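Now for the letters of each chain:
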Amino acid sequence: MEPLIITAAVDGAETMREHNPNVPYTPEEIATEAKRCREAGACMVHVHGRLEDGTPTQDRETFKQILDKIRERTDILVQFSTGGAVWMSVEERIEAVDLKPDMATLTTGTVNFGDEVFMNSYPMICEIAAKLKEHGVKPEIEVFDTGMVDTALRLVKEGRVDAPLHFDFVLGVPGGMGARPQNLDFLVNMIPEDSTWSVAGIGRHELPLAYKAIDMGGHVRVGLEDNVYVEKGVLAQGSWELVEKVVSYAKEVGRPISDPNHASALLGLSRMNA
Ligand code: KMH
Ligand code: ZN
């Protein structure tokens, strides 16, 4: 079986210390958490910027510090969010892409996001895709609902994004596609054969969907951005603890764990550390 790529989504834009006191905010804290996740078995980290008080930011200087500090400490692949928070402009969301992270997200549609709207009109999507292309940064296509797969295929057809695509199915956001196991089967059946994919289950769906993806030969994203509990009523000590859970399941079922070099080659990224 293909080695398992584990992405740790360590902070996000919505998870606050009130939800789990272990959410990293500063670049220093984010880098320390990224290193712990790498040691636990993750080969990629998905990051958002935060101000000291936890307010989300896509500020370029903050992302520069995050990237530099992570790269000083560990060989983990770094994926920037271009989603940011729901109230941000598209310009703000992509201002750090020229720092050339290993990957960056690209959400291919608008979705209700709790009581808010996560806005991604087609022109906005094209603007983000163009910036990623300009800087040679491979997108991870974030899919919150089925139409977003079709829009990703349209981007390929129009030459705005290059195949093969890497999808992340984010299931269980209130307003988006639910976290039923059959929804994951449906999405995996929709994507081109040469694609790769991972799943990010929200809340209590995170680990069950991750285990299902491991069985199916897909990849996984776990971390405090998506879920703050390691088991019912027990807060995770950090995203690394959720990474440990999926590593231990993968070992149980005989699935090897990917390292950054393997993931880089599989996803067609430019960085090789070895
Ligand atoms: N915070 C959400 C509104 C991404 O990172 O690209 C968007 C999000 C997706 O988290
Ligand atoms: Zn995110």
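Residues numbered from 1 in each chain as written. Chains lettered and ligands numbered in written order. Predicted model: local features only at pLDDT ≥ 70, side-chain atom pairs only at ≥ 80, totals over all residues. Heavy atoms only, no water.

**Some remarks on the sheet that holds strand E5 (residues 77-80)**
Adjacent strands of a sheet form backbone hydrogen bonds with each other and so pair up, either parallel or antiparallel. Filter applied, for reference: In short, DSSP must find at least two bridges between two strands for them to pair. Numbering of helices and strands runs from the N terminus; a helix is a DSSP stretch of H or I covering at least four residues, while a strand is a stretch of E covering at least two. Between the N-to-C directions of two axes lies an angle of 0 to 180 degrees, each axis being a line fitted to C-alpha atoms and, for a helix, fitted only over the stretch in contact. The contact rule is simple, with two residues in contact once any of their heavy atoms fall within 4.5 Å.
Spatial strand order, E1-E2-E5-E6-E9-E10-E11-E12: 8 strands in a closed barrel with parallel pairing. In this sheet, adjacent strand axes meet at a mean angle of 25° when their direction is disregarded. For strand E11 (residues 196-201) and strand E12 (residues 219-222), the ladder comprises 2 bridges, and the chain directions are parallel. Each bridged residue has a counterpart across the sheet, and for Val199 the counterpart in E12 is Val220. Lying on the sheet, helix H4 (residues 122-134) is in contact with strand E6 (103-107) and strand E9 (138-143); it crosses E6 at an angle near 165°. Packing against the sheet, helix H8 (residues 239-252) makes contact with strand E1 (6-9) and E12, and its axis sits at approximately 160° to E1.

**Examining the environment of Ala213**
Going by this rule: The classification of residues rests on relative accessible area computed with a 1.4 Å probe and restricted to protein chains. Under 20% of the type maximum is buried, over 50% is exposed, and intermediate values are partly exposed.
You can see Ala213 is positioned in helix H7 (residues 206-216). Judged by relative accessible area, Ala213 falls into the buried class, the value being 0%. Sequence spacing of Ala213 and Ser198 is 15 residues, and the spatial spacing of their C-alpha atoms is 7.2 Å. Those residues in contact with Ala213 that sit more than four places away from it in its chain are Trp197, Val199, Gly218, His219, Val220 and Arg255.

**Notes on the coordination of the zinc ion (ligand 2)**
Here is the rule we go by: Donor atoms: N, O and S within 2.8 Å of the metal, or within 3.2 Å for Na, K and Ca. Because water is excluded, sites can look incomplete.
Note on the zinc ion (ligand 2): its protein donors are His46 (NE2), His48 (NE2) and Glu225 (OE). The metal-donor distances range over 2.1 Å. Each donor residue of the zinc ion (ligand 2) belongs to the same chain, with the gaps between them written as H-x1-H-x176-E. Remark: Glu225 occurs in the loop between E12 and strand E13 (229-231) and His48 occurs in the loop between strand E2 (44-47) and strand E3 (49-50); sequence separation between them is 177 residues. For His48, a relative accessible area of 4% puts it in the buried group.

**Notes on the nonpolar core**
For clarity, the cut-off: The set of buried Ala, Val, Leu, Ile, Met, Phe, Trp, Tyr and Cys residues whose side-chain atoms join them within 4.5 Å is what this entry labels a nonpolar core.
Among the nonpolar cores identified, the biggest contains 80 residues, and Val47, Ile70, Phe167 and Phe169 are the most heavily contacted of them. The contacts of Phe169, once residues within four sequence positions are left out, are Val143, Val149, Leu184, Leu187, Val188, Ile191, Trp197, Ser198, Val199 and Ala200. Counting 8 residues, the second largest nonpolar core, distinct from the first, contains Cys43, Leu77, Met103 and Ala263.

**Here we look at the pattern of salt bridges**
Selection rule: Note on definitions: salt bridges are taken to be side-chain nitrogens of Lys or Arg within 4 Å of carboxyl oxygens of Asp or Glu.
Evaluated as defined, the whole model comprises 17 salt bridges. The partner of Arg221 in a salt bridge is Asp226, with the nearest N and O atoms 2.8 Å apart. For Asp226, a relative accessible area of 7% gives the class buried. Each of Glu142, Asp168, Arg221, Glu225 and Asp226 takes part in one network of salt bridges that share partners.

**Looking at the site of ligand 1**
We apply this condition: Any residue with a heavy atom positioned within 4 Å of a molecule or strand is treated as near that molecule or strand. Pairs of N or O atoms within 3.5 Å make up the polar contacts considered here, provided that, within protein, one atom can donate a hydrogen while the other can accept it, and that residues adjacent in sequence are counted only when both atoms are side-chain atoms. Exposure was quantified through the Shrake-Rupley algorithm and a 1.4 Å probe, taking into account, for residues, occlusion by the shown protein chains and nothing else. Charged means Asp, Glu, Lys or Arg here, nonpolar means Ala, Val, Leu, Ile, Met, Phe, Trp, Tyr, Cys or Pro, and polar covers whatever is left, Gly included.
The immediate surroundings of ligand 1 are formed by Ala13, Glu14, His46, His48, Ser81, Gly83, Gly84, Val86, Thr105, Phe113, Phe118 and Glu225. Glu14 is positioned such that a nitrogen or oxygen atom in its side chain is 2.8 Å from a nitrogen atom of ligand 1. The separation between an oxygen atom of ligand 1 and a polar side-chain atom of His46 is 3.2 Å. A total of 300 Å² of accessible area belongs to ligand 1 in isolation, and the protein chains cover 98% of it. Its residues assigned to classes, the shell around ligand 1 shows 4 nonpolar, 6 polar and 2 charged.

**Thoughts on H4**
Cut-off, in case you're wondering: The length a helix should cover is 1.5 Å for every residue beyond the first.
Taking 1.5 Å of rise per residue, 13 residues should cover 18 Å, and H4 covers 18 Å from first to last C-alpha, within 8% of that figure. Here H4 has its buried residues at Tyr122, Met124, Ile125, Cys126, Ile128, Ala129 and Leu132. Elements that come into contact with the buried residues of H4 comprise helix H3 (90-93), E6, E9 and helix H5 (147-157). Just downstream of H4, Gly136 is the residue with a positive phi angle, here 65°.

**Details of the packing of helix H6 (residues 181-190) against H7**
Inclusion rule: Angular relationships are summarised with four words: roughly parallel below 35 degrees, roughly antiparallel beyond 145, roughly perpendicular across 65 to 115, and oblique for the angles in between. Handedness of each helix crossing follows the sense of rotation of the near helix against the far helix: counterclockwise by less than a right angle gives left-handed, clockwise gives right-handed.
One can describe the packing of H6 onto H7 by two numbers: an axis separation of 10 Å at closest approach and a directional angle of 40°. Judged by the angle between their axes, H6 and H7 are oblique. Crossing handedness for the pair H6 and H7: right-handed. Residues Pro181, Leu184, Asp185 and Val188 of H6 lie in contact with H7, whose contacting residues are Leu209, Lys212 and Met216. The residue inventory of the contact of H6 with H7, partitioned by class, reads 5 nonpolar, no polar and 2 charged.

**Focus on unusual backbone geometry**
Of note, the bond from Ala163 into Pro164 is cis; its omega dihedral lies within 30 degrees of zero at 0°. Relative to the elements of secondary structure, Pro164 occurs in the loop between H5 and strand E10 (166-171). Within the chain, Lys100 stands out as a residue other than glycine whose phi angle is a positive 55°. Tracing the chain through its elements places Lys100 in the loop between H3 and E6. Taking relative accessible area as the criterion, Lys100 reaches 46% and is therefore assigned partly exposed.

That's the geometry; what it means functionally is another story.
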